[in-house]
Amino acid sequence: TSNKTHKSDVALLMSFLRSLATTVLKAGEIPAHVAIIMDGNRRFARKKHMALGAGHSLGFDKLQETLEWCLNVGISIVTVYAFSIENFKRPKSEVDDLMALARDKFLKLLEKSELIEKHQVCVRVLGDLTLLPLDLQRILGRVVHSSRNNKRATLNVCFAYTARQEMFQAAARVHAAVASGALQSDDVSEHVIEEVLYTGGQPPPGLLIRTSGESRLSDYLLWQCTDSCVVFSSVLWPEFSFSDFALCLLRYQHVARDLRSARLRAQRASEQRQREADLAQLAAAGTPAAQMEAAIAMLTASRARRVEAFLTSVRSETALYFEKMDRLFAATA
């Protein structure tokens, strides 16, 4: 009994310390978007003499715990690297185990739905999902479609993902739009490419965390993390603690002002390049100097209409895919 009382007292103390630390962290700047490479599940399993699948399962549980921490400090978007396209090169037995784990965990997410309903989390799955088994695509479709109207927070799960594939698909979509006439060649900009990425419509991550001591990005959010604070934590993902999380946030807060300045400079430089290109185009067309500003305003407005129509079609295409998978899930349930 005394042992149970001691454990209860320790748990209460840890809860109080977490609450205090959360309050302190919230006094500083909190990133709107945090990205995580959840690395170290296999090494943790070997370290503990467990099956590899058990290590991955514990890693999923850690994700739910970490998402709670993020919500408590005010982080509204969390993006996690769950499965790389490169992971298909692993032994078939391990890939099969990972697919089975994904089915199980996403189905439990639907059944219990505490994470989705209680915290009003919108779940998005980012990647080339056509590479996945159809039954898993259907489950993902149900999770995404059923949570689409939740507004408090967003969980992006990168599954069958690499940044190269993401950028290739974005470039291909933009190229097709130019070829079809939906966009003009001078409509193409960094902003357009950025909005066609899987994370379109979201701010870039302010903080990227990678666990397990590896110091590389592994083809993850390479475009989005150009001006992000990157923290390489030495702990294995299933052992990632609240104190580790807090240290990562403190690292971010130390450089947050510099990150904002870098993004602002990049935005201004992009806008200046666009203006110079427009001026050159209008000058070549013989636009009188006195009419130049009015002509730029008209050019900008027409471009904005084309770009918005194109982006709307892209978002609609993605939504229709998940709606279709959701219907297939319902038909086979």
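Residues numbered from 1 in each chain as written. Predicted model: local features only at pLDDT ≥ 70, side-chain atom pairs only at ≥ 80, totals over all residues. Heavy atoms only, no water.

(A) Just the overall build of the protein chain, in detail. When you go through the protein chain residue by residue, the secondary structure sums to 10 helices and six strands. Summarising its shape, the C-alpha atoms of the protein chain cover approximately 90 × 50 × 35 Å along the three principal directions. Restricting the contact set of the protein chain to residue pairs at least 6 apart, pairs at least 24 apart contribute 77%. A total accessible area of about 17300 Å² is found for the protein chain, and carbon and sulfur atoms account for 57% of it. When the 42 positive and 36 negative side-chain charges of the protein chain are each reduced to one mean point, those points stand 4 Å apart. (Helix = DSSP H or I, 4+ residues; strand = E, 2+ residues; numbered from the N terminus. Contact = heavy atoms within 4.5 Å. Areas by Shrake-Rupley, 256 points an atom, 1.4 Å probe, with all protein chains shown as cover. Lys, Arg positive; Asp, Glu negative; His and termini not counted. Charge placed at Lys NZ, Arg CZ, Asp CG, Glu CD.)

(B) Spotlight on the nonpolar core. Residues I75, F159, L207 and F245 are the most contacted members of the largest nonpolar core, which totals 54 residues. It is helix 9 (residues 242-284) that contributes the most residues to this core, eight residues altogether. Not counting chain neighbours up to four residues away, the residues in contact with I75 comprise I30, P31, A32, V34, C70, F245 and L249. (Core = buried A, V, L, I, M, F, W, Y, C linked by side-chain atoms within 4.5 Å. Buried < 20%, exposed > 50% of the residue type's maximum accessible area, 1.4 Å probe, protein only.)

(C) Layout of the sheet that holds strand 4 (residues 153-161). Strands sit in the order 3-4-2-1-5-6 across an open sheet of six strands; the sheet is parallel. Of all strands in the sheet, those with a lone pairing partner are strand 3 (121-126) and strand 6 (229-232), marking the two edges. Strand-to-strand twist of the sheet, defined as the mean angle between neighbouring strand axes without regard to direction, takes the value 20°. Pairing between strand 2 (residues 77-84) and strand 4: seven bridges, direction parallel. Looking at strand 4, one finds that S84 is bridged to Y161. Taken strand by strand, helix 3 (residues 52-73) contacts strand 1 (33-37), strand 2, strand 3 and strand 4, and its axis lies near 160° from that of strand 2. In this fold helix 6 (residues 134-146) packs onto strand 3 and strand 4, with an angle of close to 150° to the strand it touches most, strand 3. (Pairing = 2+ DSSP bridges. Axes fitted to C-alpha atoms, helices over the stretch in contact; angles between N-to-C directions.)

(D) Geometry of the side chain of H119. Locating H119 in the fold gives a position in the loop between helix 5 (114-118) and strand 3. A polar side-chain atom of H119 sits 3.1 Å from a polar atom in the side chain of E68. (Polar contact = N/O pair within 3.5 Å; in protein donor to acceptor, adjacent residues only side chain to side chain.)

(E) Expanded view of the packing of aromatic side chains. Scanning the model with the defined rule gives 12 aromatic pairs in all. Ring geometry for Y321 versus F322: centroids 5.0 Å apart, planes at 75°, classification edge-to-face. Of the residues examined, Y321 reaches a relative accessible area of 22% and is grouped as partly exposed. Taken together through their ring pairs, the aromatic side chains of W69, W237, F240, F242 and F245 make up a single cluster. (Phe/Tyr/Trp six-rings, centres within 6.5 Å; stacked < 30°, edge-to-face > 60°.)

(F) Representation of the environment of L71 within the structure. By the secondary structure assignment, L71 is in helix 3. Distance from L71 to V121, taken between C-alpha atoms, is 9.7 Å for residues 50 residues apart in sequence. The contacts of L71, once residues within four sequence positions are left out, are H119, V121, R152 and A153.

(G) Representation of the pairing of strand 1. Extensive coverage of strand 1 is indicated by the burial of five of its five residues. Side chains H33, A35 and I37 project from strand 1 onto one buried face, and the interleaved V34 and I36 project onto a second face that is buried too. Note: strand 1 against strand 2, five bridges, orientation parallel. Residue pairing across strands places I37 opposite Y81, the latter belonging to strand 2. Two strands pair when backbone bridges link them, and strand 1 and strand 5 (residues 207-210) are joined in this way by four bridges, in the parallel orientation.

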